[in-house]
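Reading the structure
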Amino acid sequence: MILKGRVWKFGDNVNTDEIIAGKRLLTLDFNEIAKYAFEAIDPEFTKKVKPGDIIIAGDNFGCGSSREQAPIVIKKLGVSAVIANYFARIFFRNAINIGLPLIEAPGAYQIINEGDIIEVNLTEGVIKNFTTNKEIRFKKIPKFLTEILAEGGVINYLRKNGEFKI
Amino acid sequence: MPTITEKILAEASGVKKISPGEIVNANIDIALTHDALCGPVAREFQKLGLKEVWDRSRIVVTPDHFIPAKDMEAANLYLEMDKFVREQGIQNYYPIGNHGICHVMLPEEGFARPGTVIVGTDSHTCTHGAVGAFATGIGTTEMAAVFATGKCWFRVPETIKFNITGRLKRYVYAKDVILNIIGKIGVDGALYMAMEFDGETVKNLSMDERFVICNMAIEAGAKNGIINPDEKTIEYVKSKTQTPFKIFRSDENAVYREIIPVEADKIEPTVAEPYLPSNIRTARELNNIEINQAVIGSCTGGRYSDLEIAAEILKNRKVASNVRLIIIPATQKIYLKTLETGLLRIFIQAGASVSTPTCGPCIGGHMGVLGRGEVAIASTNRNFKGRMGDPTSKVYLASPATVAASAVTGRITDPRDL
């Protein structure tokens, strides 16, 4: 699985209220609420982001609430992957479960700037920065989680397998 | 030698011994959801093409987030929850009139039992570790998988033990203790790990206060918060349910990633500044901060003992003229008790606005949403940007005592200075 896109950069401890505020959770039309993604950080973000773009953040991305709408709105915006030094645990599970690739790549934040064009190779565990010609390797996620991602999320995975094959 | 968290996960997964880092597939004892997310869970569950949930007796549903319906969208969310619950014949349903904030209601109704595995579609599900259970928050799609299979996979967490010792000062509570712990280790200080709270201070805490400590484990990134059950736990749980339970405790020589000592006797009334629960200062240091609103409620600060403390401070006093004080008893049972014991009269005479149980303002839903640039102090658990309303508003977190004292003076106030 290879993803290529333009980078948007966020800081440390980006929390689920900032990704999608509690007051937006009333609507189950996720395309509609995706318009409000990251509104507390950058109200213009959803107008600027394009399908295929990649988000990169510092530490503890997705901390806070268990709301699955957080990874869902990111996916709905067309973001192809999120890279961070590390993720908050519920956000991590939710993203895998809905089929949004997450990459824990400590150090990537330092070699990637906003607007850079990068390529993420999930199979090989490599990020290439075409803007700066730098490269960084990351630890691949466990195989059984890759299988969930490959099915597009846990619902499709369970429909196929009936149970978790750990 | 294993910790309590490892023992519970081993038992639930049907294996003899497990180590941190292993992935296990655990049987779920209780699955909890509420009005905001039951509908989304139901939608995902239906995609699986199954007719029935795995066990109607192990699912608990109570509306709490946006109720009574704050608008038409909330009303429709409620309907989706109600329809699914009735169609599936979910046995433990607490609709409006019988409702409560889920993390206060679950133990009150006897569903939080030692030795069990509890998952909820809410990050503060870690609250229930206070009875010696493994309890953690999950997302909606994951809950649909639990409803289908009765199982959930977990990476067995390493455990950090907090050895909390010393006698708490007057007007210092569990809330101040946990804010100090988060302040010390940071909002990711226990990422992916279990936080085990131990020591003489914890043994002396009431069950209400133990729930407060475990409730905020997630604010340090933890997978679960947990307290080894003792006589107090057993007495509490037996007073709520006849259902038998199994006690697990950490071995004396259990292996921890780290043991962190906490000197509780040195803790002062504490406040977390915006925009992270780890930004702690003493209430006295923030005495110049003026407030527009004070909130006493939520799964962290709306239990009966919280309201009793608030009443002690508010009795024969008035809320400052430029402050709105909003008090939200966490469950219908607690609400009724405030009526019977006269707390409700004290609150209303002090000038507080008292509401039916709801999460309401804590998530910026309703019942006290903040406007542009407004400042609130709240006995809730999160102070992220825009959490209680407008993105330019600010939330300071504190104990119910500090919130009540601040409501009286109109600025952040150490209750000892009132």
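Note that residues are indexed from 1 along each chain, following the sequence as it is written. As a convention, the first chain written is A and the first ligand written is 1, with the rest following in written order. Local features in a predicted model are, by the rule used here, given only for residues with pLDDT of at least 70; side-chain atom pairs are given and counted only at 80 or more, and totals for whole chains, interfaces and linings are based on all residues.

Here we come to the overall build of chain A. Strands here are runs of E lasting at least two residues and helices are runs of H or I lasting at least four, both read from the DSSP assignment and numbered beginning at the N terminus. Helices and strands together make up the secondary structure of chain A, namely eight helices and seven strands. Rg of the C-alpha trace for chain A: 15 Å, near the compact-globule value of 15 Å for 166 residues, within the 12% margin. Projecting the C-alpha coordinates of chain A onto the three principal axes gives extents of approximately 40 × 40 × 25 Å. Residues with at least 20 other C-beta atoms within 10 Å of their own are called buried, those with 12 or fewer are called exposed, and the rest are partly exposed. The C-beta atoms themselves are positioned from the backbone. Looking at the 166 residues of chain A, the share that counts as buried comes to 47%. When we talk radius of gyration, it's over C-alpha atoms, and the globule rule is simply 2.2 Å times the number of residues to the 0.38.

All names here are of chain B. Boundary definitions for the domains trace back to an automatic or database domain assignment. We note that the domain assignment places domain 1 (4-262) and domain 2 (271-417) within chain B. Taking only C-alpha atoms, the centre of domain 1 and the centre of domain 2 are 24 Å apart. In this description, any two residues whose backbone-derived C-beta atoms lie within 7 Å of each other are considered to be in contact. With 33 residues of domain 1 at the contact, the number on the domain 2 side is 31 residues. Of all elements in the fold, only helix H4 (102-108), helix H6 (174-185) and helix H8 (207-215) reach the threshold of two or more residues within the side of domain 1 that touches domain 2. In terms of residue count, the dominant contributor to the side of domain 1 that touches domain 2 is H6 (six residues). Any residue outside Ala, Val, Leu, Ile, Met, Phe, Trp, Tyr, Cys, Pro, Asp, Glu, Lys and Arg is labelled polar, Gly included; the first ten of those are nonpolar and the last four are charged. In terms of residue class, the side of domain 1 that touches domain 2 is made up of 13 nonpolar, twelve polar and eight charged.

Residues and elements named next belong to chain B. Expected span of a helix, by definition, is 1.5 Å for each gap between consecutive residues, and there is one gap fewer than residues. Taking 1.5 Å per residue as the helical rise, helix H3 (residues 72-88) with its 17 residues ought to reach 24 Å, and the 24 Å between its terminal C-alpha atoms agrees with that figure. Restricting attention to buried positions, one finds in H3 the residues Ala74, Leu77, Tyr78, Met81, Phe84 and Val85. Projected onto a plane normal to the axis of H3, the buried residues spread over an arc of 130 degrees and lie on a single side. What points out from H3, more than 90 degrees from its buried face, is the exposed set Met72, Arg86 and Glu87. Summarising the contacts, the buried residues of H3 are in contact with helix H2 (35-47), strand S3 (59-61) and strand S4 (92-93). Directly beyond the C-terminal end of H3, a positive phi value near 65 degrees is found at Gly89. The arc in question is the one traced by the directions running from the helix axis out to the C-beta atoms.

All names here are of chain A. Tracing the backbone through its elements, the reader meets Val82 in strand S3 (residues 81-84). C-beta crowding within 10 Å serves as the criterion here: with 26 such atoms nearby, Val82 is assigned to the buried category. The sequence separation of Val82 and Glu124 amounts to 42 residues, and the corresponding C-alpha distance is 17 Å. Residues within four places of Val82 in sequence aside, it is in contact with Ile55, Ala57, Phe61, Ile74, Leu100 and Leu102.

Below, the discussion takes up the nonpolar core. Soluble, globular proteins show a tendency: their nonpolar side chains are buried together. Val82 and Ile83 of chain A together with Phe147, Met195, Ala294 and Ala404 of chain B are the most contacted members of the largest nonpolar core, which has 204 residues in total. Ignoring sequence-local partners within four residues, the contact set of Phe147 of chain B consists of Ala31, Val41, Phe45, Val53, Trp54 and Ile59 of chain B. Nonpolar core, as used here: buried Ala, Val, Leu, Ile, Met, Phe, Trp, Tyr and Cys residues forming one set through C-beta atoms within 7 Å.

This brings us to unusual backbone geometry. Residue Pro68 of chain B is bonded to the preceding Ile67 of chain B through a cis peptide linkage, with omega at -15 degrees. Tyr275 of chain B follows Pro274 of chain B through a cis peptide bond whose omega is 0 degrees. Mapped onto the fold, Tyr275 of chain B is located in the loop between strand S12 (270-272) and strand S13 (280-282). Even without glycine at this site, Asn60 of chain A takes up a positive phi of about 60 degrees. With respect to the element layout, Asn60 of chain A can be found in the loop between strand S2 (54-56) and helix H4 (69-76). Here Asn316 of chain B, not a glycine, exhibits a phi torsion of approximately 60 degrees, which is positive.

Moving on: the sheet that holds strand S8 (residues 159-165) of chain B. Residues and elements named next belong to chain B. Here a strand pair is declared whenever DSSP counts at least two bridges between the two strands. Spatially, S10-S9-S8-S11 is the arrangement adopted by the four strands of the open sheet, whose pairing is parallel. Strand pairing shows two members of the sheet lacking a second neighbour, strand S10 (224-226) and strand S11 (258-263), which therefore form its edges. Each neighbouring strand pair of the sheet contributes to a mean axis angle of 20 degrees, computed without reference to strand direction. The sheet contact formed by strand S9 (residues 194-198) and S10 spans three bridges and is parallel. Think of each axis as a best-fit line through the C-alpha atoms, taken over the contacting stretch in the case of a helix, with angles from 0 to 180 degrees between the N-to-C directions.

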